[in-house]
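Residue-level structure breakdown
Listed below, chain by chain, are the residues.
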Amino acid sequence: MQNKNRNTLLFSFLTLSLVLLLLLNISLGSVSIPMKDVFNSLTGGNASKETWDYIIVNYRLPKAIAAILVGMGLAISGLLMQTLFRNPLAGPDVLGLSSGASLGVATVILGAAFLPPVFASFLLSSYGIILASSLGSFLVLLAVLSVSQSLRNTMAILIVGLMFGSLTNAIVGTLTYFSTAEQLQKFTFWSLGNLGNLSWSSIVILSICVAIGLLLSLVNIKPLNALLLGENYARSLGMNYKKTRLVIILATSILTGSITAFAGPIAFIGLAVPHIAKLVFQTSNHTVLFWSTLLLGSIIMLICDCISQLPGSDITLPINAVTSLFGAPIVIWLLLRKRKMMN
Amino acid sequence: MENKIILQASKISIGYTSKKVKNVIAKNIDLSLEKGKLIALIGANGIGKSTLLRTITGIQKPISGTVSLNKKNIHEMDFLNLAQNLSIVLTEKLPPSNLTVWELIALGRQPYTNWIGTLTDNDIAKINEAIALTQIEHLVSKKHFEISDGQLQIVLIARALAQDTPLIVLDEPTTHLDLLHKIALFKLLKRLTQETEKCILFSTHDIDMAIQLSDEMIIMTPEAVIQDQPCNLITKGSFNTLFKDEHIVFDAQKGRFLFT
């Protein structure tokens, strides 16, 4: 019962932080807008300057929503991977899913020139890129999964994931070698990760994809809890393992694929956030972890985006650099702290 | 008498079939597991105990013959129905997680809960009953990785009890335990069959103890699979067929193996 009170308190605190960070995130940028005006503008009123309203609605708000969607989606797909592979070091980037998505996008951006124009224009649309990117991560995940079936060793699964990552990176490298400077620039910008530049229509598409992915994860909360005991016990508890695994893979591919398509391959969120959630809430129960991972994912992504604005300067850092700077030390710290849990 | 039988295997052959080759490990096996009985499965390493367990728990199909659980063919039951009739305790290590002992036992209620796993009052009563039966009240708020191997084994048995199935199958539950904990575990299993009317089947290498405590034994040898009461098996001299080694002899008087 004490746990329940603690969880309620934590959830309220996190929700409040999320709202404050959202306001802070929108107020920061090359033009800094006071929080009070941000609040007025978002709640239907007007900011004290008309240009501020324009900036908020067309640039800052979509970017903040993108950050929240990316944070939620990647964090949840990390949680799914960690439970499915029974491996605390699993995550969309570690298992090569982001690389798979990159391969899909690279094939489309860099290879469209070789296709008839009708196909090329479809593929270069946001739908085409999402499809290619989801397909890329789906294929890599299937490959990792099929190899991991014959490898019971969890370390081996990670190494296989890394190898698939290198393999897809090599193919991407080869593709870039044969592409024009213009294509290359487009791909490089994409690969640095970017939360801005998303139009409202892209935000809508991304929201739908993330919502589908999250819904598929939500209906699997019970089987995910069963999987905490391992595959054999989960089966003996009445779980349809093959079906569950397929749905989890689908959810992860849709989440990672669509997010990577729009925002580029963003590192460490998927790996680090579920651990922070497990540490803060001291539980493995996915009913609690699902919501806490969602909240913490959005919060951490908003913080990373705030940092990438470098408050007080005109420079914007690539978001991928910030999440890595932020995530890598956290993972090392977690490993040192939680040695026991990692076996 | 008929309605006492929970699981029945008639004329089953077990083994693996790959593309062309049929690898039969044992054939013509007849087993019947009855309510309230503690049954030990013994046999030398590599004789096919695990294959037999896998076959009668529905994980693997027999090459021929049928296994029926509560009069239904186990290999045609759906996952949920099977989970409500049969629970298992394995020796494999649990994956790393933050699960507490209470949460771990509560997972045993999954075959009965709704889509998101909400525990009803009835579920909580069953969980507490399982905890009381196994006398592990002092462990419930510990994390599962904080307790000893012997304690974890009992917690996993409590989980199977919470699953509330007429049949519980344990795969070598005494393997990693010292003598004291082995005896405690055997006595617990014995008490559970008496108090709950469940049937408990377990495989083991602790033959002496199994002879003393189990109601029936299933002996697997390359020639045959025999099920009977331990005293009958002793009179029949079945234990001497267990190991093909002249240095190991079963002493029927003392009820244990002697080696020279």
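Quantities reported herein were computed from a predicted structural model and do not represent experimental measurements. (Residues numbered from 1 in each chain as written. Chains lettered and ligands numbered in written order. Predicted model: local features only at pLDDT ≥ 70, side-chain atom pairs only at ≥ 80, totals over all residues. Heavy atoms only, no water.)

With that out of the way, let us pick up the overall build of chain A. Along its length, chain A carries 15 helices and zero strands. When its C-alpha atoms are laid out on the principal axes, chain A stretches across 65 × 60 × 35 Å. Looking at the 343 residues of chain A, the share that counts as buried comes to 57%. Accessible area for chain A stands at about 15,100 Å²; split by element, carbon and sulfur atoms hold 70% of it. Chain A carries 19 positive and 8 negative side-chain charges, and their two centres are separated by 23 Å. (Helix = DSSP H or I, 4+ residues; strand = E, 2+ residues; numbered from the N terminus. Buried < 20%, exposed > 50% of the residue type's maximum accessible area, 1.4 Å probe, protein only. Areas by Shrake-Rupley, 256 points an atom, 1.4 Å probe, with all protein chains shown as cover. Lys, Arg positive; Asp, Glu negative; His and termini not counted. Charge placed at Lys NZ, Arg CZ, Asp CG, Glu CD.)

Bringing the overall build of chain B into the picture now. The number of helices and strands found in chain B is eight helices and 12 strands. Relative to the compact-globule value of 18 Å for 260 residues, chain B shows a C-alpha radius of gyration of 19 Å, a close match. If you line up chain B on its principal axes, its C-alpha atoms span 55 × 45 × 40 Å. Sorting the 260 residues of chain B into buried and exposed places 52% on the buried side. The long-range share in chain B, meaning contacts at least 24 apart out of those at least 6 apart in sequence, stands at 64%. Summed over all atoms, the accessible surface of chain B reaches about 12,500 Å², with 52% contributed by carbon and sulfur. (Rg over C-alpha atoms; globule rule 2.2 N^0.38 Å. Contact = heavy atoms within 4.5 Å.)

Another aspect to go through is the UniProt feature "transmembrane region" (unreviewed entry) in chain A. The UniProt record annotates "transmembrane region" (unreviewed entry) at residues 64-82, 94-115, 127-145, 157-178, 198-219, 246-268, 288-308 and 315-336 of chain A. Helix makes up 100% of residues 288-308 of chain A and strand 0%, whereas the separation of the span's terminal C-alpha atoms amounts to 30 Å. (UniProt positions renumbered as here; feature names shortened; annotations may be inferred.)

Glancing now at the confidence of the model for chain B. Mean pLDDT over chain B stands at 91; residues scoring 70 or higher make up 99%. Interface confidence in the predicted complex, given as ipTM, is 0.92; pTM for the same model is 0.90. (pLDDT = per-residue confidence, 0-100.)

Attention shifts here to the packing of helix H2 (residues 35-42) of chain A against helix H3 (residues 50-84) of chain A. Residues and elements named next belong to chain A. At a minimum axis separation of 10 Å, H2 and H3 run at an interaxial angle of 80 degrees. When the axis of H2 is compared with that of H3, the two are roughly perpendicular. On H3, the residues that touch Asp37, Val38, Ser41 and Leu42 of H2 are Trp52, Asp53, Ile56 and Leu61. Looking at side-chain class alone, the contact of H2 with H3 contains five nonpolar, one polar and two charged residues. (Axes fitted to C-alpha atoms, helices over the stretch in contact; angles between N-to-C directions. Parallel < 35°, antiparallel > 145°, perpendicular 65-115°, else oblique. Nonpolar A, V, L, I, M, F, W, Y, C, P; charged D, E, K, R; others polar.)

A few words now on the layout of surface pockets. In this model, the largest pocket occupies a volume close to 1,300 Å³. Lining of the largest pocket is provided by 32 residues; of these, Lys4 and Asn285 of chain A together with Trp102, Glu103 and Leu119 of chain B occupy positions nearest its centre. When contributions to the lining of the largest pocket are tallied by element, the ones reaching two or more residues are helix H1 (2-27), helix H10 (221-227) and helix H14 (286-308) of chain A together with helix H3 (101-106) of chain B. With five residues, the top contributor of residues to the lining of the largest pocket is H1 of chain A. For the lining of the largest pocket, a count of residues per class yields 13 nonpolar, 13 polar and six charged. The calculated volume of the second largest pocket comes to roughly 910 Å³. The wall of the second largest pocket is formed by 39 residues, among which Asn194, Leu195, Gly196, Asn197 and Leu198 of chain A lie closest to the centre. Mapped by element, the contributors of at least two residues to the lining of the second largest pocket are H3, helix H6 (126-150), helix H8 (181-191), helix H12 (241-263) and H14 of chain A. The leading source of residues in the lining of the second largest pocket is H3 of chain A, at six residues. Taken together, the residues of the lining of the second largest pocket break down into 20 nonpolar, 14 polar and five charged. (1 Å grid on protein atoms, 1.4 Å probe; cavity = no way out; pocket = protein on both sides within 12 Å on 5 of 7 lines; lining within 4 Å. Points joined across faces, edges and corners; volume = space filled by probe spheres on them.)

Here we come to the side chain of serine 13 of chain B. Residue and element names in this part refer to chain B. When you line up the elements, serine 13 lands in strand S1 (residues 5-17). Overall, the relative accessible area of 10% leaves serine 13 in the buried class. The contacts of serine 13, once residues within four sequence positions are left out, are Val24, Ala26, Lys27, Asn28, Pro62, Ile63 and Ser64.

Turning to the pattern of salt bridges, a few remarks are in order. This model, assessed by the stated rule, comprises 13 salt bridges over all chains. A salt bridge links glutamate 231 of chain A to arginine 86 of chain A, with the shortest nitrogen-to-oxygen separation between them at 4.0 Å. Placement of the pair is glutamate 231 of chain A in helix H11 (residues 231-236) and arginine 86 of chain A in the loop between H3 and helix H4 (97-111), with a sequence separation of 145 residues. The partly exposed category is assigned to arginine 86 of chain A, whose relative accessible area is 23%. One salt bridge connects aspartate 228 of chain B with lysine 236 of chain B, and the closest N-O pair in it is separated by 3.1 Å. A relative accessible area of 19% places aspartate 228 of chain B in the buried class. One network of salt bridges, in which partners are shared, links Arg86, Glu231 and Arg235 of chain A. (Salt bridge = Lys/Arg side-chain N within 4 Å of Asp/Glu carboxyl O.)

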